[in-house]
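The primary structure of each chain is shown beneath.
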Amino acid sequence: MPPVTFAPPALEARAVVHGFGELTVLHGVSLAVSPGEVVALLGPSGSGKSTLLHLLGGLDVPRGGEVWWAGERADTLGTQARSVRRAGRVGLIFQHHYLLEDLNVLQNVQVPGMLGALADGGRALALLERVGLGHRALDLPGVLSGGERQRVAVARALAARPAIVLADEPTGSLDRANAERVAELMLGLAREQGSGVLLVTHDEHLAAHADRTLHLLDGRMQEAVGMGAPTR
Ligand SMILES: Nc1ncnc2c1ncn2[C@@H]1O[C@H](COP(=O)(O)OP(=O)(O)OP(=O)(O)O)[C@@H](O)[C@H]1O
Ligand SMILES: [Mg+2]
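Predicted, not measured: the structure shown is a model, and the values here were computed from it. (Residues numbered from 1 in each chain as written. Chains lettered and ligands numbered in written order. Predicted model: local features only at pLDDT ≥ 70, side-chain atom pairs only at ≥ 80, totals over all residues. Heavy atoms only, no water.)

This part takes up the pattern of salt bridges. Applying the stated criterion across every chain, the model contains 13 salt bridges. Residues Glu72 and Arg85 are paired through a salt bridge, measuring 2.8 Å at the closest nitrogen-oxygen approach. Here Glu72 is found in strand β5 (residues 72–73), whereas its partner Arg85 is found in helix α2 (residues 79–89), with 13 residues between them in sequence. On the basis of relative accessible area, Arg85 is assigned to the partly exposed category, the value being 30%. (Salt bridge = Lys/Arg side-chain N within 4 Å of Asp/Glu carboxyl O. Helix = DSSP H or I, 4+ residues; strand = E, 2+ residues; numbered from the N terminus. Buried < 20%, exposed > 50% of the residue type's maximum accessible area, 1.4 Å probe, protein only.)

Shown next as C-alpha cells:
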C-alpha cells in the first residue's frame, strides 16, 4: 500500500519579517492557506497587507522568515527561478489590472503560460469565455472598461492553474455589480481548480465569501476570533 501522504499548504508564511529602511512593517507573520481554501485578510490601512502579499507572491524577498509555495520554499530561490516558479504556481490580481497594453486580451491571458511550460491558447480562450469576454479576445486592453479589464486579470491569474491566488483589493476600483461579478468569477474558478486564495479586501461583501478571515494589525497577525481558539 502506498504511504499516506498529506498535501502541503498551497501557501505558507513562517515568521515573516520585513520593513523599509528603519521602518519594520511586518513583525513575524505566519499563516497557511490550504488547497481550495479562500482566506480573507483584513486590517487597517498601513497595517502591512500589501507588503505581505508582495512577499508571498515572491515579488520581493523578506528580511526574515520563510515563504513556501505548495511545499517548496520560495524566498531562497534566485530572482529568475522565482519568476519561473511564480508563473506556474501563483496568480496575482491587484486593484489595478496591470495588463500589458501592447498585447491583445488573449495574449495577456497567455502570459503566465509563456513564462512557464506552455502557452495554451485554447485554455486562455476558454477562460476568456468563462469571464464573458471571448468576443473581445483580439482587442487591446485600452479599449475595455475597468470591470472588463479586471475580468481579464482574473482569467490571466487563473490561466496556469496556480496553487495559490493572491488578490489585493481586486474589486477596489469597481462598482458593486462589477465587483460581485469579478469576485464570483475569481472564487468560482479558484475553487473549481483547487487553488488556495488569499484575498486582501476592505469590502465586507467580498470577505463574506471567504472560508476564514485573518486580521493584520500593525504588522502582527491577530488571534483568530470565533474559530474555536481560546479567548481571554
Ligand atoms: N516601498 C516602500 N517604502 C517605504 N515604506 C513603505 C513602502 N511600502 C510600504 N511602506 C510602508 O509600509 C507600511 C505598510 O504599507 P502597506 O502598503 O503594506 O499597507 P496596507 O495594509 O496594504 O494598507 P492599505 O490598506 O492602505 O492598502 C506603511 O506604513 C507604508 O507607508
Ligand atoms: Mg494595500
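Spatial ordering of the open sheet is given by β2-β1-β4-β5, a layout of four strands whose pairing is antiparallel. Among the strands making up the open sheet, the edge pair consists of β2 (23–33) and β5. In terms of strand pairing, strand β1 (residues 11–20) meets β2 through eight bridges, oriented antiparallel. Residue pairing for β2: Leu11 is matched across the bridge by Val33. Strand contacts of helix α1 (residues 49–56): β1, β2 and β4 (64–69), with the helix running at about 60° to β2, the strand carrying the most contacts. The strands touched by α2 are β4 and β5; relative to β4, the strand with the most contacts, the crossing angle is about 50°. (Pairing = 2+ DSSP bridges. Contact = heavy atoms within 4.5 Å. Axes fitted to C-alpha atoms, helices over the stretch in contact; angles between N-to-C directions.)

Bringing the nonpolar core into the picture now. Judged by nonpolar contacts, the single largest core of 37 residues is most densely connected at Leu128, Val152 and Val154. For this core, the elements supplying multiple residues, two or more each, are β3 (38–42), α3 (105–115), α4 (121–130), α5 (146–158), β7 (164–168), α6 (176–193), β8 (196–200) and α7 (204–207). It is α6 that provides the largest number of residues to this core, a total of eight residues. Ignoring sequence-local partners within four residues, the contact set of Leu128 consists of Val105, Leu106, Val109, Leu133, Gly134, Ala137, Val152 and Ala155. (Core = buried A, V, L, I, M, F, W, Y, C linked by side-chain atoms within 4.5 Å.)

By themselves, these are just geometric observations and shouldn't be taken as functional.
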